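Breakdown of the fold
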Amino acid sequence: MSTPVKKWLFTLIAALGLPVLIFLTLFISTWGTYTVLPTISENTQLPTLKTTDFKVHGEVVGHEEAPLIVVIHDGPGSDYRSLLPLKALANTHRVLFYDQMGTGLSPRVSTEELGIEQSLKRLSLLIDTFAPTEQVALIGHGWGGMLASAYAGAHPQRIRHMALLEPGFLNDEMAGQVLPALSRSSLGFITSTILRWVKALHVDRSDPDAREDFIFERIRHQPLFYCDQEIPENWSDYTWRSGFRSWKTITQSTLDERGKLHLDFTKGLDKLNTHVLIVASACNNVTGRSFQARQTRLFKQASVTQVEKSGHELLMDNPTQTLTILRAYFEDRYFEEEDRTEDAG
């Protein structure tokens with residue numbers, strides 16, 4: 001074999017072998033046990049909410065005769081863990097928490113059972129089950145604010161109060177204002193995603209969704225939503241378990257066959273007479289106060305307030321101020337107090 005051919009073969013072997021060597025190094029160096037929490041399908045001790053059609057991970061706290069607040073978490077593909085400080089409202093209300101189907105600790109279902117329409121039907125049935133005749137209050141966080149708005153537009157007569165914690169974009173126009181900023185291609189993001197993928201190879205495969213959920217739990221966090229534009233070190237405390245297929249299916253359902261975004265969570269909101277309160281954080285550079293101020297025009301009546309020293313996870317960053325604002329709103333004191341503050345100024 002000639003020297004040039006030997007050199008070519010050596011170069012080829014080195015080129016092919018280097019990625020394999022890097023992979024093996026990462027795989028061995030990340031060796032360990034990485035757990036993904038079981039859902040209510042596997043752990044029957046978890047709290048569960050039941051309707052005539054489905055069961056989800058969830059709970060209701062507070063006196064059974066108190067007015068109901070329904071809490072709708074962020075996502076798609078998150079859960080209600082970061083919203084647990086809202087249990088403090090149970091001294092005056094019943095507070096219902098639930099993980100949406102296909103995410104958190106709720107069952108993993110077929111892709112055909114996931115989507116915006118299905119999410120709204122389940123929300124509607126939960127409300128009809130736990131408050132069949134009374135008006136309810138809604139708290140929607142991020143994606144949950146989008147679902148809350150869509151439900152309120154379809155059932156305006158059922159809404160007593162609606163507080164939206166930095167809701168996501170409510171129509172195509174608002175989506176166009178934020179989606180370009182959410183693109184991530186930094187070296188740090190790519191590196192952390194690769195590392196998370198390698199760690200996922202050590203996750204038990206008996207749960208077919210576990211590995212994808214494990215990867216998505218880390219990469220779904222957007223640095224621009226947090227103070228100092230950095231993902232907090234305790235990010236893993238924000239969720240029990242993410243739901244990758246839920247996120248993927250719902251996200252893809254907003255695109256037409258040409259890949260163009262089509263969504264509108266504002267239908268019927270012109271019939272909603274409730275004064276909506278939007279709560280924004282001081283640190284979020286994408287869907288914070290300025291963005292939410294523009295979304296107020298999508299409601300018949302809406303106001304924006306701000307929580308200081310907080311990013312998108314308002315109830316994790318500054319639960320005291322967030323809860324103070326929400327208590328005043330649900331007790332019909334918020335706008336009176338705002339008026340007094342303006343008069344004093």
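Preceding this paragraph is the structure being described.
Before going into details, it helps to say that this report is about the structure given with it. (Residues numbered from 1 in each chain as written. Predicted model: local features only at pLDDT ≥ 70, side-chain atom pairs only at ≥ 80, totals over all residues. Heavy atoms only, no water.)

1. What to know about the pattern of salt bridges
Opposite charge on two side chains allows them to pair when their charged atoms are near. Heads up, the condition is: Salt bridges are defined as contacts in which a side-chain nitrogen from Lys or Arg sits within 4 Å of a carboxyl oxygen from Asp or Glu. Only DSSP runs of H or I with at least four residues qualify as helices, and only runs of E with at least two residues qualify as strands; both kinds are numbered from the N terminus onward. Exposed residues in this analysis have more than 50% of their type's maximum accessible area, buried residues have under 20%, and partly exposed residues fall in between, with area computed by a 1.4 Å probe over protein chains only.
Enumeration according to the criterion identifies 10 salt bridges in this entry. A salt bridge links Glu59 to Lys87; the nearest nitrogen and oxygen atoms lie 3.0 Å apart. Of the two residues, Glu59 sits in strand 2 (residues 55-61) while Lys87 sits in the loop between strand 3 (68-72) and strand 4 (94-98), which places them 28 residues apart along the sequence. The salt bridge involving Asp207 is made with Arg241; its shortest N-O contact spans 2.9 Å. Separated by 34 residues along the polypeptide, Asp207 in the loop between helix 5 (187-200) and helix 6 (210-219) and Arg241 in the loop between helix 6 and helix 7 (244-252) bring together distant segments of the chain. By relative accessible area, which is 2% here, Arg241 ends up buried.

2. So, empty space enclosed by the protein
Rules: We place a 1 Å grid over just the protein atoms. Points where a 1.4 Å probe fits but has no way out form a cavity, open points with protein on both sides within 12 Å along at least 5 of 7 lines form a pocket, and any residue with an atom within 4 Å of a point lines it. Grid points are joined across faces, edges and corners, and a volume is the space filled by probe spheres set on the points. Each residue is assigned to one of three groups, with Ala, Val, Leu, Ile, Met, Phe, Trp, Tyr, Cys and Pro labelled nonpolar, Asp, Glu, Lys and Arg labelled charged, and all others, Gly among them, labelled polar.
Under the definition given, this model contains one cavity of 30 Å³ or more. Taken as a whole, the largest cavity encloses approximately 60 Å³ of empty space. Lining the largest cavity are Phe54, Val56, Tyr98, Asp99, Gln100, Met101, Ser119, Arg122 and Leu126. Sorting elements by how many residues they give to the lining of the largest cavity places helix 2 (residues 116-130) first, with three residues. Grouping the amino acids of the lining of the largest cavity by side-chain chemistry returns five nonpolar, two polar and two charged.

3. A word on the nonpolar core
Cut-off, in case you're wondering: Among buried residues, those of type Ala, Val, Leu, Ile, Met, Phe, Trp, Tyr and Cys that are joined through side-chain atoms within 4.5 Å constitute a nonpolar core. Throughout, a contact is declared for two residues whenever any of their heavy atoms are within 4.5 Å.
If you look at the biggest cluster of nonpolar residues, it comprises 51 residues, and the most contacted ones within it are Val70, Tyr98, Leu138, Met162 and Phe299. Elements that contribute at least two residues to this core include exactly strand 3, strand 4, helix 2, strand 5 (136-141), helix 3 (143-154), strand 6 (159-165), helix 4 (172-178) and strand 7 (276-281). Here the element with the most residues in this core is helix 3; it accounts for seven residues. When residues no more than four places from it in sequence are discounted, the contact partners of Tyr98 are Leu49, Val56, His57, Gly58, Val70, Val71, Ile72, His73, Tyr80, Leu123 and Leu126.

4. What to know about the pairing of strand 5
Our working definition: Between any two strands, pairing holds if DSSP finds at least two bridges.
Strand 5 sits mainly inside the fold: six of its six residues count as buried. Residues Val136, Leu138 and Gly140 point to one face of strand 5 and Ala137, Ile139 and His141 to the other, with burial holding for every one of them. With four bridges connecting them, strand 3 and strand 5 associate as parallel partners. Within strand 5, the residue paired with Val70 across the bridge is Leu138. Direction of pairing for strand 5 relative to strand 6: parallel, over a ladder of six bridges.

5. Points about helix 10 (residues 319-330)
Condition: Working rule for helices: expected span equals 1.5 Å times residues minus one.
In a regular helix each residue adds 1.5 Å, so 12 residues correspond to 16 Å; helix 10 covers 16 Å between its end C-alpha atoms and thus fits that length. Within helix 10 the residues assigned to the buried category are Thr322, Leu323, Ile325, Leu326, Ala328, Tyr329 and Phe330. In the stretch just after helix 10, Asp332 is the one whose phi turns positive, near 60°.

6. Observations concerning the sheet that holds strand 1 (residues 48-50)
The line we're drawing: Between N-to-C directions, angles cover 0 to 180 degrees, with each direction set by a line fitted to C-alpha atoms, over the stretch in contact for helices.
Taken in spatial order, the eight strands of this open sheet run 1-2-4-3-5-6-7-8, and their pairing is mixed. Of all the strands in the sheet, just strand 1 and strand 8 (302-307) have a single pairing partner and so form its edges. The average undirected angle you get between the axes of adjacent strands in this sheet is 30°. Inspection of the sheet shows strand 2 paired to strand 4 by four bridges, in the antiparallel sense.

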